[in-house]
Amino acid sequence: MGLKGTSAIEYMFVVGIALAALATIVTISMGMSNDSIRLAQAKDTVERLANSADYVYSLGPGSKAVVSVNMPRGMRFIHFSDDRVHMRISLSSGDTDVYAKSTKSGNLIGSIIFESGQQRVPVTALMDGSVLFGDSYLECLPSIIHVGDTGSANVTVKNIAPFQISDLNA
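Treat the numbers as computed from the prediction; the structure is a model and nothing was measured. (Residues numbered from 1 in each chain as written. Predicted model: local features only at pLDDT ≥ 70, side-chain atom pairs only at ≥ 80, totals over all residues. Heavy atoms only, no water.)

Tallied over the entire structure, the rule returns one aromatic pair. Summarising the aromatic geometry, the rings of F80 and F133 are spaced 4.1 Å apart at their centres and angled 5 degrees between planes, so their arrangement reads as stacked. Of the two residues, F80 is situated in strand β2 (residues 75-81) and F133 in strand β7 (residues 131-133); the sequence distance between them amounts to 53 residues. (Phe/Tyr/Trp six-rings, centres within 6.5 Å; stacked < 30°, edge-to-face > 60°. Helix = DSSP H or I, 4+ residues; strand = E, 2+ residues; numbered from the N terminus.)

Once that is clear, we can look at the sheet that holds β7. Spatial strand order, β1-β6-β7-β5: four strands in an open sheet with mixed pairing. One side of each edge strand has no neighbouring strand; the edge strands of this open sheet are β1 (64-71) and β5 (108-110). When strand polarity is set aside, the average angle formed by the axes of neighbouring strands in this sheet is 30 degrees. Two strands pair when backbone bridges link them, and strand β6 (residues 117-125) and β7 are joined in this way by three bridges, in the antiparallel orientation. Bridge pairing in β7 places V123 opposite F133. (Pairing = 2+ DSSP bridges. Axes fitted to C-alpha atoms, helices over the stretch in contact; angles between N-to-C directions.)

In this section: the environment of R88. Within the secondary structure, R88 sits in strand β3 (residues 84-91). Distance in space between the C-alpha atoms of R88 and I78 is 6.6 Å, their sequence separation being 10 residues. Ignoring any residue separated from it by four or fewer positions in sequence, one finds R88 in contact with G74, M75, R76, F77, D95, T96 and D97. A polar atom in the side chain of R88 sits 2.6 Å from the side chain of D97. (Contact = heavy atoms within 4.5 Å. Polar contact = N/O pair within 3.5 Å; in protein donor to acceptor, adjacent residues only side chain to side chain.)

Here the focus is the nonpolar core. Ranked by internal contacts, the top residues of the largest apolar core, which has 26 residues, are L49, I78, F80, V85, M87, I112 and F133. Among the elements of the structure, α1 (2-59), β1, β2, β3, β4 (94-101), β6 and β7 are those that each provide at least two residues to this core. The element that contributes the greatest number of residues to this core is α1, accounting for six residues. (Core = buried A, V, L, I, M, F, W, Y, C linked by side-chain atoms within 4.5 Å. Buried < 20%, exposed > 50% of the residue type's maximum accessible area, 1.4 Å probe, protein only.)

Judged by side-chain polarity, Y11, M12, V15, L19, L22, V26 and M30 come together as a nonpolar surface patch covering roughly 740 Å² of accessible area. Looking at the element boundaries, L22 is found in helix α1. (Patch = residues over 30% accessible without salt bridge, like charges linked within 9 Å, V, L, I, M, F, W, Y side chains within 5 Å. Areas by Shrake-Rupley, 256 points an atom, 1.4 Å probe, with all protein chains shown as cover. Salt bridge = Lys/Arg side-chain N within 4 Å of Asp/Glu carboxyl O.)

Given below as C-alpha cells:
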C-alpha cells in the first residue's frame, strides 16, 4: 500500500521537472521571437527611410514626402550620414546595428525622435542635393528630457543644416 504513495510522489516529481523544462524553453523562445520581431521592424524602418530619401531626391529639390514608420522598442539611436540610415537596437543578446543605403540621393541629414511606436517622418529634398529627415536643422542630444528627472543633464546641440546657423540663445 505504501508503494502507491511513493510512485505518485515520483510521478509528480517527474511532471514538475518536465513543466520546469517546458517553461524554460517557452521563455527562451518568447525572448527570441521578440528579438526577431524588433529586428524585422528595425530593418523595415531603415529601408523605408532610405527608399523615401531616394523618392524625394528623384523628384527634385523642394520635394517633400511623409513616411510612416514603426520604431522598434529598445532603439538606442537612429543616425543619418552620407548615404546611410543607421539604427542601433538593444536585443537580449546585446546591441545590434541595422543599416540601409540610399542608392540615388546625396547626403542624408536630419534628426528624428527615436521613441518606439508609430511615427510620421517628413522627408525633404534640399537645394544642395541633401535629403533632410524631420523638420529640424538642429540636432539635440538627448532628444528627450523628462520633467521628472532630477539633477543636471548635459545637452548637446549640433547644426545639421547645409547652411550656417548663427545667433542662437538658450
